[in-house]
Amino acid sequence: MSLDAIKQVTRAENEQEQKRAAQAVVARKMISDTEQYGRELLDRVYAEAKIQNAELLAQAESEAERESADILLKADQDCQTLKTAARARMNDAQALIVGRVVAQ
């Protein structure tokens, strides 16, 4: 092999090595950019999920308060009904008790 051929092969090998090194730099930059984009996307999705979670929690608490108020109102109405029924039978109960005490 002649000296020119050896120089040409060496030059071609060096050019290929430089191209590979440049491509490796580009590939590392692409990987870095992709990782950064992934982190930013993850942070954004996490922030959105946190907001949505807070909204859902507030909605659930509001609904629970409404249901609790409805239950308390129904219980109060039931108590009033029972009190009214008990008061209506109070005179009969008193008369029954007095009658038994007097009869003894």
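A brief report on the enclosed structure follows.

What counts as what
Residues numbered from 1 in each chain as written. Predicted model: local features only at pLDDT ≥ 70, side-chain atom pairs only at ≥ 80, totals over all residues. Heavy atoms only, no water. Helix = DSSP H or I, 4+ residues; strand = E, 2+ residues; numbered from the N terminus. Rg over C-alpha atoms; globule rule 2.2 N^0.38 Å. Areas by Shrake-Rupley, 256 points an atom, 1.4 Å probe, with all protein chains shown as cover. Patch = residues over 30% accessible without salt bridge, like charges linked within 9 Å, V, L, I, M, F, W, Y side chains within 5 Å. Salt bridge = Lys/Arg side-chain N within 4 Å of Asp/Glu carboxyl O. Buried < 20%, exposed > 50% of the residue type's maximum accessible area, 1.4 Å probe, protein only. Expected span 1.5 Å × (residues − 1). Bend = angle between axes of the 7 residues up to and from the residue.

**Points about the overall build of the protein chain**
Argument step 1. For the protein chain, the helix and strand inventory stands at 1 helix and 0 strands.
Argument step 2. Here the protein chain has a C-alpha radius of gyration of 44 Å; the compact-globule value for 104 residues is 13 Å, and the former is much larger.
Argument step 3. The dimensions of the protein chain, computed from C-alpha atoms along their principal axes, are 145 × 25 × 10 Å.
Argument step 4. Carbon and sulfur atoms form 59% of the exposed surface of the protein chain, whose accessible area is close to 9,700 Å².

**A short note on the environment of Ala 49**
Argument step 1. Position of Ala 49 among the secondary structure elements: in helix α1 (residues 3-103).
Argument step 2. Taking C-alpha positions, Ala 49 is 56 Å from Arg 11, a pair spaced 38 residues apart along the chain.

**Notes on a nonpolar patch on the surface**
Argument step 1. On the surface, a cluster of nonpolar side chains totalling about 320 Å² of accessible area is made up of Met 1, Ile 6 and Val 9.
Argument step 2. Assignment of secondary structure puts Val 9 in helix α1.

**Some points on the environment of Ala 54**
Argument step 1. Within the element layout of this structure, Ala 54 appears in helix α1.
Argument step 2. Residues Ala 54 and Ile 6, 48 residues apart in the sequence, show an inter-C-alpha distance of 71 Å.

**Some words on the pattern of salt bridges**
Argument step 1. All chains considered together, the criterion is met by 3 salt bridges.
Argument step 2. Taking the shortest distance from any N to any O, the salt bridge between Arg 20 and Glu 17 comes out at 3.0 Å. Pair noted here: Arg 20 and Glu 17 are both in helix α1, with a separation of 3 residues, about one helical turn.
Argument step 3. Taking the relative accessible area as the measure of exposure, Arg 20 reaches 47% and is therefore partly exposed.
Argument step 4. Note that Lys 29 and Asp 33 form a salt bridge whose closest N and O atoms lie 2.8 Å from each other.

**Observations regarding α1**
Argument step 1. The terminal C-alpha atoms of α1, which comprises 101 residues, lie 142 Å apart, in line with the 150 Å expected from a rise of 1.5 Å per residue.
Argument step 2. A bend of about 40° at Met 90 is the largest found in α1.

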